[in-house]
Amino acid sequence: MNNQSENEQEHFALSGKNLGPCRELVGNIYVLLFFVNTPLHPWPEAKRDEAIRKSWSSIDFMKKEAVRYGASVDMKVGWFEYNLPFEHDKDQKWYHTIMHDYFHSESMADLVKYYEGSLHVDNAAIVFLFNSSGRSYCYMSTKEYPYWKEEFDVIYCETDFHDNFLTHELLHLFGAMDLYDYQNEGVQAIAEQFFPDSVMLRVSHVIDELTAYLIGWTKQPSPKVLQFLARTKGLRGKR
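Residues numbered from 1 in each chain as written. Predicted model: local features only at pLDDT ≥ 70, side-chain atom pairs only at ≥ 80, totals over all residues. Heavy atoms only, no water.

Draft legend 1. Main features of the packing of aromatic side chains. In the structure shown here, the tally under the stated rule is 29 aromatic pairs. Seen from their ring centres, Phe103 and Tyr115 are 6.4 Å apart, and the 85° between their planes marks the pair as edge-to-face. Placement of the pair is Phe103 in helix H3 (residues 93-103) and Tyr115 in helix H4 (residues 108-119), with a sequence separation of 12 residues. Each member of the pair, Phe103 as well as Tyr115, is classed as buried. Sitting above the plane of the Tyr213 ring, Lys17 keeps its charged end 4.2 Å from the centroid. Stacked on the ring of Phe161, the Lys or Arg Lys47 has its end atom at 5.4 Å from the ring centre. (Phe/Tyr/Trp six-rings, centres within 6.5 Å; stacked < 30°, edge-to-face > 60°. Helix = DSSP H or I, 4+ residues; strand = E, 2+ residues; numbered from the N terminus. Buried < 20%, exposed > 50% of the residue type's maximum accessible area, 1.4 Å probe, protein only. Lys NZ or Arg CZ within 6 Å of the ring centre and 35° of its normal.)

Structure below.
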């Protein structure tokens, strides 16, 4: 059930809060890393192991930040590997191939529900990792797609291979929104004033008050968050 108020849904920053299979980053969370080998971009064992290590670093960072907000979060990481017989393609043939061939599933929501049950966790998050270049992204539910069932992350490690490389995209799955690159709408400039060190604004080690509220770590928006929302109301945001 969608428990957002109409006013909340009207603001771009709140449009993904508590929607989709991954609702809040609280309780027991299992992050499933899916390393996709392609003919031209396989995963060397050493680099894969380094990505797993950095993923744990991201997880440890989020757990420490959760404590700062008084949120109860326990996160674990598991990983798989899959040999895709062709290169990554923009029409997402790769995604459907993996879903059918490896998971034998049509729906990511059903897959998430399966892992939640089999692993006895509150939330399972699926992350696909390619050893190639590109712009990492997240499929997430928003007010425009409130019943979107295909929530997952895609990370291109030739481009986005750094400490906390997982954090930004994983937070999106649970409702966080970007605070950068807003096409002259003024949002980034305002975010720089309110949350200059946010991981949703730049590579950093800070989860800001707005993001903490969006992912369920705080139940009420802080005065700073309310000021930011008031200053940015009506501006168009970027997922």
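Draft legend 2. Spotlight on unusual backbone geometry. Here the phi dihedral of Asn18 falls at roughly 60°; this positive angle occurs in a residue that is not glycine. Topologically, Asn18 is positioned in the loop between helix H1 (6-10) and strand S1 (27-37). On the basis of relative accessible area, Asn18 is assigned to the buried category, the value being 12%. Positive phi is not limited to glycine here, since Gln92 has a value of about 65°. Here Gln92 is to be found in the loop between strand S2 (73-83) and H3.

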